Amino acid sequence: MTATPRYRGRFAPSPTGALHFGSLVAAVGSWLVARHAGGEWLVRIEDIDPPREVPGSAASILATLGAFGLSPDRPPVYQSQRQEGYAVAFDRLRENGQLFPCWCSRTDLASQGGVHRDGRCIATPDPSRLPAWRLLTPDLLIHWHDDLLGSQSENLREVAGDFVIRRVEGLWSYQLACVVDDADQGITHVVRGADLLDSTARQIHLQRLLALPTPGYLHLPLVLDAEGRKLSKSTAALPVDAADPLPALRAALDWLGVLAPSTAATPETVLRDALHGFGPASLRRSSLGATATL
Ligand code: GLU
């Protein structure tokens, strides 16, 4: 890609269904922070998991973003078309002795909380089945700064263990694809939901192993419903209405803690007005005590 600007952000939805309110919040949040910084805003469709993909949802997500006035500065990138980049990164890790094949099942790992920390496969190798490939993860404390949540640290081995880089089915892991693409697209800042906060240490570790730059990170609070449940498990996970975007757009801005003037008539003008006086410091930091009213 061309020379990286001072700020290039992105929204990276998985096409597992129509855009729902939680994703809209992440899209609006990343858009606002990018525009406030005078930067670019890109969209990447994370379609590397065909079994979970819902046909037509990538197109529907892009159309919905457009209806909400959220148009990316460049054509969207599709991870399904980026296999080569992931294979190069995989080979590099493998050649450096950082990967090992693993036939462990969920049952094999149940006694250690589902986390693999042995540095080698503890199951019997089965040549008739393709293995998963895991990263040999050291006992390492990763520190980083979150632009909203402040100083963060995670013990990689404790939390993530020898995490999967290539899945049994031959599919690339989200962690590998995300790191390769953030670097390839020249993303300087990642703004996304706090459900991905604990992926950040894994991604920073992979960036270091692959000699890739580490972008800035900002994690937005998860949207909870009135019962305090995560959106994905609640009725508020319903798709937002592309035909009537203003109510959901105002609710998303409200959730983020951004003043949303009520008189503007189009999503573009609502967003433009929201940008006046916006600063990342005013974003809501915690889901506690807040619920989304849709
Ligand atoms: N595709 C991921 C999701 O929809 C987001 C990945 C990211 O923003 O890093 O949850």
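Residues numbered from 1 in each chain as written. Predicted model: local features only at pLDDT ≥ 70, side-chain atom pairs only at ≥ 80, totals over all residues. Heavy atoms only, no water.

## Points about the overall build of the chain
Then, number 1: Looking only at helices and strands, the chain has nine helices and ten strands in total.
Then, number 2: Computed over the C-alpha atoms, the radius of gyration of the chain is 20 Å, within 12% of the 19 Å expected from 2.2 N^0.38 for a compact globule of 294 residues.
Then, number 3: Sequence-distant contacts in the chain: of pairs separated by 6 or more residues, those separated by 24 or more amount to 76%.
Then, number 4: In the structure as shown, the chain presents an accessible area of about 13,500 Å², 54% of it carried by carbon and sulfur atoms.
Then, number 5: Across the chain, the 28 positively charged side chains and the 31 negatively charged ones have centroids separated by 2 Å. (Helix = DSSP H or I, 4+ residues; strand = E, 2+ residues; numbered from the N terminus. Rg over C-alpha atoms; globule rule 2.2 N^0.38 Å. Contact = heavy atoms within 4.5 Å. Areas by Shrake-Rupley, 256 points an atom, 1.4 Å probe, with all protein chains shown as cover. Lys, Arg positive; Asp, Glu negative; His and termini not counted. Charge placed at Lys NZ, Arg CZ, Asp CG, Glu CD.)

## Things to note about helix 6 (residues 174-184)
Then, number 1: Counting buried positions along helix 6 gives eight out of eleven residues, so the element sits mostly inside the fold.
Then, number 2: Among all positions of helix 6, only Q175, L176, A177, C178, V179, V180, D181 and D182 are buried.
Then, number 3: Here the buried face of helix 6 lies against strand 1 (8-11), strand 2 (40-45), helix 3 (83-95), strand 8 (164-166), strand 9 (189-193) and helix 7 (200-209).
Then, number 4: Positive phi appears at G186, one or two residues downstream of helix 6, with a value of about 65 degrees. (Buried < 20%, exposed > 50% of the residue type's maximum accessible area, 1.4 Å probe, protein only.)

## Looking at the packing of aromatic side chains
Then, number 1: One pass over the full model with this rule turns up three aromatic pairs.
Then, number 2: Measuring from ring centre to ring centre gives 6.4 Å for Y86 and W172, while their planes differ by 65 degrees; the resulting arrangement is edge-to-face. Here the residue Y86 occupies a position in helix 3, and W172 occupies one in the loop between strand 8 and helix 6, the gap between them amounting to 86 residues.
Then, number 3: Relative accessible area serves as the criterion here: at 0%, Y86 is assigned to the buried category.
Then, number 4: The class of W172 is buried, set by a relative accessible area of 6%.
Then, number 5: Consider the rings of F90 and W133, whose centres lie 5.8 Å apart with planes at 90 degrees: the pair is edge-to-face. One end of the pair, F90, is in helix 3; the other, W133, is in strand 5 (residues 132-135), with 43 residues separating them in the sequence.
Then, number 6: Through successive ring pairs, a cluster of aromatic residues spans Y86, F90, W133 and W172.
Then, number 7: The ring of F90 carries R166 above its face, with NZ or CZ at 5.7 Å from the centroid. (Phe/Tyr/Trp six-rings, centres within 6.5 Å; stacked < 30°, edge-to-face > 60°. Lys NZ or Arg CZ within 6 Å of the ring centre and 35° of its normal.)

## Here's the deal with the site of the ligand
Then, number 1: Around the ligand, the structure places R10, A12, P13, S14, E46, Y174, C178, R192 and L196.
Then, number 2: Take S14: an N or O atom from its side chain is 2.8 Å from a nitrogen atom of the ligand.
Then, number 3: Contact distances for the ligand include 2.7 Å between an oxygen atom and a side-chain N or O atom of Y174.
Then, number 4: Compared with its free state, where it exposes 300 Å², the ligand has 78% of that area covered by protein.
Then, number 5: For the shell around the ligand, the per-class residue count stands at five nonpolar, one polar and three charged. (Near = heavy atom within 4 Å. Polar contact = N/O pair within 3.5 Å; in protein donor to acceptor, adjacent residues only side chain to side chain. Nonpolar A, V, L, I, M, F, W, Y, C, P; charged D, E, K, R; others polar.)

## Observations regarding the sheet that holds strand 8
Then, number 1: Pairing in this open sheet of three strands is antiparallel, and the strands run 4-5-8 from one edge to the other. Looking at strand neighbours, the two that pair on one side only are strand 4 (99-102) and strand 8, the edges of this open sheet. Across this sheet, the average inter-strand angle for adjacent strands is 45 degrees, counted without regard to direction. (Pairing = 2+ DSSP bridges. Axes fitted to C-alpha atoms, helices over the stretch in contact; angles between N-to-C directions.)

## Focus: the pattern of salt bridges
Then, number 1: For the structure on display, the rule yields 13 salt bridges.
Then, number 2: Note that R8 and E40 form a salt bridge whose closest N and O atoms lie 2.8 Å from each other. On the criterion of sequence distance, the pair formed by R8 in strand 1 and E40 in strand 2 is long-range, its members being 32 residues apart.
Then, number 3: With relative accessibility at 0%, the residue R8 sits in the buried group.
Then, number 4: Several salt bridges share partner residues, and in doing so they unite R10, R44, E46 and D182 into one network. (Salt bridge = Lys/Arg side-chain N within 4 Å of Asp/Glu carboxyl O.)

Everything listed is a geometric property; what it means functionally is a separate question.
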